[in-house]
Amino acid sequence: KKLKLTGAEFVLGDGRFLEGDIGEFDAALTCPPYHDLEQYSNDPNDLSNMRSYEEFRAGIWFCAQAHWQVMKPGSFVCFAVGNFRDKSGELIDFRAHAVEDFRDAGFTFHQEIILSKNFGSAAKRSTNAWKKKKLVPIHEFLLVFKKGE
């Protein structure tokens, strides 16, 4: 309503299960959780509550497959992601995994957009991060995938 978009239909739901009588879409925009860094809800089916990264990644794969089924030819899916660290401190290349999963579903990796964020809090967060000799990320990726004509 704030953007005054007319004729647009917005669907809120679990991106892994886009089925039923919802029609085909021209565009999709989603921002999944970063595995267990944020908890979106208490729902055990919520991707932010998956026990392992492997389970979480399987959910992202199902998300890519489900989007392929409902997108019109020539349409775009925009997927906002960022790399993150697991409990051991290893950097997880979530961006690359998402690209692999959407390509596996049949999409073309069309564009990558860098989203700058958290400039104000980066300096404050850097004191703790530097103790472990890690830089503070101040960006995410908006990955754009295209379904062929």
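All chains use their own residue numbering, which begins from 1 and follows the written sequence. Owing to the predicted nature of the model, reporting of local features is limited to residues with pLDDT of at least 70; listing and counting of side-chain atom pairs is limited to 80 or more, with chain, interface and lining totals taken over all residues. Note: side-chain values were computed over all heavy atoms of the structure, leaving out hydrogens and water.

**Some thoughts on helix H1 (residues 53–70)**
Then, number 1: Helix length check: H1, at 18 residues, gives a terminal C-alpha distance of 26 Å against a target of 26 Å (1.5 Å per residue), a fit within 8%.
Then, number 2: Residue exposure (1.4 Å probe, protein chains only): buried if accessible area is under 20% of the type maximum, exposed if over 50%, otherwise partly exposed. Secondary structure elements are taken from DSSP: a helix is a run of H or I of four residues or more, a strand is a run of E of two residues or more, and numbering for both begins at the N terminus. Along H1, the positions that sit buried rather than exposed are Tyr53, Phe56, Gly59, Ile60, Cys63, Ala64, Ala66, His67 and Val70. In an axial view of H1, the angular spread of the buried residues amounts to 165 degrees, which keeps them on one side of the axis. Within H1, the exposed residues directed more than 90 degrees away from the buried face are Glu54 and Gln69.
Then, number 3: Every residue pair with non-hydrogen atoms within 4.5 Å of one another is taken to be in contact. Buried positions along H1 lie against strand S1 (25–30), strand S2 (71–81), strand S3 (84–85), strand S4 (91–92) and helix H2 (94–105). Expected helix span is taken as 1.5 Å per residue step, with the number of steps being one fewer than the number of residues. The directions considered for the arc run from the helix axis to the C-beta atoms.

**Here we look at the confidence of the model for the protein**
Should the pLDDT be low somewhere, the predicted coordinates at that spot are not to be read in detail.
Then, number 1: As a per-residue quantity, pLDDT reports the predictor's confidence and falls between 0 and 100. Averaged over the protein, the pLDDT score is 86; the fraction of residues at 70 or greater is 88%.
Then, number 2: The lowest-confidence element of the protein is helix H3 (residues 119–131), averaging 59 in pLDDT; the highest-confidence one is H2, averaging 98.

**Some thoughts on the nonpolar core**
Then, number 1: Counting 28 residues, the largest nonpolar core has Phe79, Phe94 and Leu143 as the members making the most contacts within it.
Then, number 2: Elements with a minimum of two residues in this core: S1, H1, S2, H2 and strand S6 (139–146).
Then, number 3: Examining the composition of this core, we find that 7 residues originate from one element, H1, more than from any other.
Then, number 4: In contact with phenylalanine 94, not counting residues within four places along its chain, are Pro32, Pro33, Tyr34, Tyr53, Phe56, Ile60, Val81, Gly82, Asn83 and Phe84. Joining through side-chain atoms within 4.5 Å is the link that ties buried Ala, Val, Leu, Ile, Met, Phe, Trp, Tyr and Cys residues into a set, and such a set is a nonpolar core.

**Some remarks on the environment of alanine 66**
Then, number 1: Within the secondary structure, alanine 66 is located in helix H1.
Then, number 2: For the pair formed by alanine 66 and aspartate 14, sequence separation is 52 residues and the distance between their alpha carbons is 9.9 Å.
Then, number 3: Setting aside its immediate chain neighbours within four residues, alanine 66 contacts Gly15, Arg16, Phe17 and Leu18.

**Focus on the sheet that holds S1**
Then, number 1: Here a strand pair is declared whenever DSSP counts at least two bridges between the two strands. With mixed pairing, 4 strands are arranged side by side in an open sheet as S1-S2-S6-S5. This sheet does not close on itself; its edge strands, each paired only once, are S1 and strand S5 (108–116). Between one strand axis and the next, the sheet turns through 15 degrees on average, direction left out of account.
Then, number 2: As paired elements, S2 and S6 share 6 bridges and run antiparallel to each other. From the neighbouring strand, valine 77 faces S6, where its bridge partner is phenylalanine 145.
Then, number 3: Against the sheet, H1 makes contact with S1 and S2, and its axis sits at roughly 150 degrees relative to S2, the strand it touches most.
Then, number 4: Contacting S2, S5 and S6, H2 runs over the sheet at an angle of about 10 degrees to S6. Note on geometry: axes are C-alpha line fits, over the in-contact stretch for helices, and angles between N-to-C directions span 0 to 180 degrees.

**Section: the packing of aromatic side chains**
Then, number 1: Each Phe, Tyr or Trp ring (for Trp, its six-membered ring) is paired with any other whose centre lies within 6.5 Å, and the angle between the two planes then decides the class: stacked below 30 degrees, edge-to-face above 60, tilted in between. The full count for this structure, using the stated rule, is 12 aromatic pairs.
Then, number 2: Their ring planes at 65 degrees and their centres at 5.9 Å tell us that tyrosine 53 and phenylalanine 84 sit as a pair that is edge-to-face. Of this pair, tyrosine 53 sits in helix H1 while phenylalanine 84 is found in strand S3, placing the two residues 31 residues apart along the sequence.
Then, number 3: Between phenylalanine 84 and phenylalanine 94, the aromatic rings sit 5.9 Å apart at their centres with planes inclined by 70 degrees, giving edge-to-face as the arrangement. Highlighted residues: phenylalanine 84 in strand S3 and phenylalanine 94 in helix H2, separated in sequence by 10 residues. Here phenylalanine 84 matches phenylalanine 94 in class, with each residue buried.

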